[in-house]
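# Chain and residue survey
Spelled out, the chains give:
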Amino acid sequence: MIGLISATAAGAAARDRLAAAWPDRTRVYAGPVGDAVRSAFAECEQLVCFLATGAVVRLIAPLLGEKATDPGVVCVDEGGRFAVSLVGGHGGGANGLAREVAEVLAAQPVVTTATDSVGLPGLDTLGFPAEGSVATVSRALLDGEPVTLRAEFPWPLPPLPLAAQGAYAVRLTDRAVEPAEHEVLLRPPSLVVGVGASKGAPADEVYALVEDALRDAGLSPRSVAEVATVDAKAAEPGIVAAAARLGVPLVTYSAAELAGVAVPNPSAAPLAAVGTPSVAEAAALARGGELLVPKRKSGGQPATATCAVVRRPARGRLAVVGLGPGARDLLTPRAKAELRRAAVLVGLDQYVDQIRDLLRPGTRILDSGLGAEEERARTAVAEARAGQAVALIGSGDAGVYAMASPALAEASDDIDVIGVPGVTAALAAGAILGAPLGHDHVSISLSDLHTPWEVIERRVRAAAEADLVVTFYNPRSRGRDWQLPKALAILAGHRAPTTPVGVVRNASRADESSRLTTLAGLDPAWVDMMTVVTVGNTATRNIAGRMVTPRGYRWQTSEEGAE
């Protein structure tokens, strides 16, 4: 919960805007400001104070304890101009909260944490428990000192400027080891504990079994990602309590699913009881991995629980990111976040150059020239399969004549794939022209490099007969100059010569140009591969120099009545 505190009418107005935007996340604390801050500090995970920074510093100073447990505090000036991350930038999430608050209030976020200021992710903000010399190693990264990564197995990490050797180290491990001097241990969620239990198995016995299994195998409880069991035991109190004490979710599988998992130690007892020859081992291995602790029984007489521990395989992460038509302000916040999260960036060289300044230090760039789409898709998927966090970029929307299709054709279910939408060329051009896509429309690529012209022509004829507004991608190049006139001739057989046609080149970029003409007046020489051509339907009109296709709802009795 986020506590909101203000002292003046101006501050209350901004406070109320934030409360209205986040009704389920916030709680307003009224009354004397000192009392409100003390109550919110004790009861909330984060605070937003609409007060002067000096006042907030004095109010919270006596309340501060440990940076790992104190709430994050953001201070907003009464004019609503700045959202300052004051306390708990990393541990309390104040840096991220400041950015969120600034977005809602149209303010400027102010983040002074050293790593954030230079574009480096904090070692304590990577989503894993971090142990050891976090401040020392972070300072080494900031100072350009060589810091090495010692990963005991692949796991997707954001970019870090790491060296092959160095006096400082980041160690990725799920082993129960102590950090060395000048070392940070990162605990990835790599372990799955499978548990089986008899009805009424004591919670202490179940948890002691899990604790002993991890300790004896030299594994860290902080790397346990989940406890897994069979559906029939989903509500078994001892198993539920063990998962709760570990602070991880309880995942269950049907008996049929577990019966299909090959295990080294099947047994007739669980087969008779719940319909599968294995619960602990099968549940731990259900999604693959390395069996680190085979089935072992609890110490009760008789034993009432079994457990097994598996190191699950790292799942690489592939974000397929649409960059939009080119203008930086049409690049979505989600796309920016994925670019900064990726340790490996794959893309066309000219697109990489567009967003190079947004990448974090240490990002590995794999770029290539025109015509290498399938190679880029294979490269991105291969990097993700190797356990990397990858961003594969394309212009416009990555799913429209871009990289999502070849990438997903290569990918299987062994990696996580995230699609990040972008503003397409058709939408960018449409916004420049007016409202040409106000009713049903279709996009057709005129490039016959990968699609036979016979197929393209059939689609153009279908669009013409269906009276759809048509946006042509890849309309004309030096080596393909006859396809656009042919497509326009097909449309002309079904539409008047005066049908509006919009031609937009380099939509949203610095050298953007556009013109509104007609089907009869279009000169193909105006068009190249950087151009989008939009042909209206029989209802499209030129209204005050803008291309408009009516929405065509039944309640519209005339063009004048259209909204």
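Further up the page is the structure itself.
Residues numbered from 1 in each chain as written. Predicted model: local features only at pLDDT ≥ 70, side-chain atom pairs only at ≥ 80, totals over all residues. Heavy atoms only, no water.

### Description of the pattern of salt bridges
As enumerated under the stated definition, the model contains 27 salt bridges in all. Across the pair Arg-171 and Glu-152 runs a salt bridge whose closest N-O atoms are separated by 2.8 Å. In this pair, Arg-171 sits in strand β9 (residues 168–172) while Glu-152 sits in the loop between β8 (147–151) and β9, placing the two residues 19 residues apart along the sequence. According to the relative accessible area criterion, Arg-171 is partly exposed, its value standing at 22%. A network of salt bridges, in which partner residues are shared, links Asp-212, Arg-215, Asp-216 and Arg-296. (Salt bridge = Lys/Arg side-chain N within 4 Å of Asp/Glu carboxyl O. Helix = DSSP H or I, 4+ residues; strand = E, 2+ residues; numbered from the N terminus. Buried < 20%, exposed > 50% of the residue type's maximum accessible area, 1.4 Å probe, protein only.)

### Notes on helix α18 (residues 483–492)
Among the residues making up α18, those that are buried are Gln-483, Leu-484, Ala-487, Leu-488, Ile-490 and Leu-491. Taken around the axis of α18, the buried residues stretch over an arc of 155°, which confines them to a single face. Those residues of α18 that are buried lie in contact with α17 (453–465), β23 (469–473) and β26 (531–535). (Arc of directions from axis to C-beta. Contact = heavy atoms within 4.5 Å.)

### Looking at the environment of Lys-199
Position of Lys-199 among the secondary structure elements: in the loop between β11 (191–197) and α7 (203–216). On the basis of relative accessible area, Lys-199 is assigned to the exposed category, the value being 79%. For the pair Lys-199 and Val-423, spaced 224 residues apart in the sequence, the C-alpha separation amounts to 55 Å. Apart from the residues within four sequence positions on either side, Lys-199 is in contact with Lys-233 and Glu-236.

### Some words on the side chain of Thr-471
Relative to the helices and strands, Thr-471 resides in strand β23. At 3.5 Å, the side chain of Thr-471 forms a polar contact with the side chain of Thr-534. (Polar contact = N/O pair within 3.5 Å; in protein donor to acceptor, adjacent residues only side chain to side chain.)

### Observations concerning the nonpolar core
Most often, soluble globular proteins have nonpolar side chains that are buried together. Residues Val-195 and Val-309 are the most contacted members of the largest nonpolar core, which totals 23 residues. Mapped by element, the contributors of at least two residues to this core are β11, α7, β12 (224–230), α8 (237–246) and β15 (305–311). The leading source of residues in this core is α7, at six residues. With sequence-adjacent residues up to four places away left out, Val-309 is seen in contact with Leu-191, Val-192, Val-193, Ala-213, Leu-214, Leu-219, Glu-290, Leu-291, Leu-292 and Val-293. Membership of the second largest hydrophobic core comes to 21 residues, among which are Ala-463, Leu-491, Val-503 and Val-527. (Core = buried A, V, L, I, M, F, W, Y, C linked by side-chain atoms within 4.5 Å.)

### Some points on the sheet that holds β23
As summarised here, the arrangement of the five strands in space is β22-β23-β26-β24-β25, forming an open sheet in which the pairing is mixed. Both outer strands of the open sheet, β22 (441–445) and β25 (513–518), are each paired with one neighbouring strand and no more. Direction aside, the axes of adjacent strands within the sheet are offset by 20° on average. Against the sheet, helix α16 (residues 425–433) contacts β22, β23, β24 (500–505), β25 and β26, and its axis sits at roughly 115° relative to β24. In the packing of α17 onto the sheet, the strands contacted are β22 and β23, and the crossing angle to β22 comes to about 160°. (Pairing = 2+ DSSP bridges. Axes fitted to C-alpha atoms, helices over the stretch in contact; angles between N-to-C directions.)

### A short note on the sheet that holds β11
Pairing is mixed across the open sheet formed by five strands, whose spatial order is β13-β12-β11-β15-β14. The open sheet has two edge strands with one neighbour each: β13 (250–253) and β14 (290–297). Each adjacent strand pair in this sheet contributes to an overall mean axis angle of 25°, direction not counted. Two strands pair when backbone bridges link them, and β11 and β15 are joined in this way by seven bridges, in the antiparallel orientation. Along β15, the bridge assignment pairs Ala-197 with Ala-305.

### A closer look at the packing of aromatic side chains
All told, the structure shown has three aromatic pairs when counted by the stated rule. Judged by centre distance (6.2 Å) and plane angle (75°), the ring pair of Phe-153 and Trp-155 falls under edge-to-face. Here Phe-153 matches Trp-155 in class, with each residue buried. Relative to Trp-482, the ring of Trp-453 lies with its centre 5.0 Å away and its plane at 70°, an arrangement referred to as edge-to-face. (Phe/Tyr/Trp six-rings, centres within 6.5 Å; stacked < 30°, edge-to-face > 60°.)

### Observations regarding the pairing of β23
Where burial is concerned, most of β23 is hidden: five out of the five residues are buried. Of the pairings in the sheet, the one linking β22 to β23 comprises five bridges and is parallel in character. Directly across from Ser-443, in β23, lies its bridge partner Thr-471. Read from β22 through α17 to β23, the crossover connection turns out right-handed. Two elements, β23 and β26, share three bridges in a ladder whose sense is antiparallel. Bridge assignment links Val-470 to a residue of β26, and that residue is Val-535. (Right-handed = clockwise from strand over helix to strand, strands pointing away.)

### Focus: unusual backbone geometry
In this model, Ala-106 sits at a positive phi of 55°, which is unusual for a non-glycine residue. As for its placement among the helices and strands, Ala-106 is situated in the loop between α4 (94–105) and β6 (108–110).

### Here's the deal with the packing of α17 against α18
The contact between α17 and α18 brings their axes to 9 Å, and the two run at 30°. For the element pair α17 / α18, the angle class is roughly parallel. Once α17 is placed against α18, the crossing between them reads as right-handed. Mapping the contact onto sequence places Trp-453, Glu-457, Val-460, Arg-461 and Ala-464 in α17 and Gln-483, Lys-486, Ala-487, Ile-490 and Leu-491 in α18. (Parallel < 35°, antiparallel > 145°, perpendicular 65-115°, else oblique. Left-handed = near helix turned anticlockwise from the far one by under 90°.)

### Focus on the side chain of Thr-531
Tracing the backbone through its elements, the reader meets Thr-531 in strand β26. Reaching out from Thr-531, the side chain makes a polar contact with the side chain of Asp-528 at a distance of 2.8 Å. Apart from residues no more than four positions distant in its own chain, Thr-531 is found in contact with Phe-472, Pro-475, Val-503, Val-504, Arg-505 and Trp-526.

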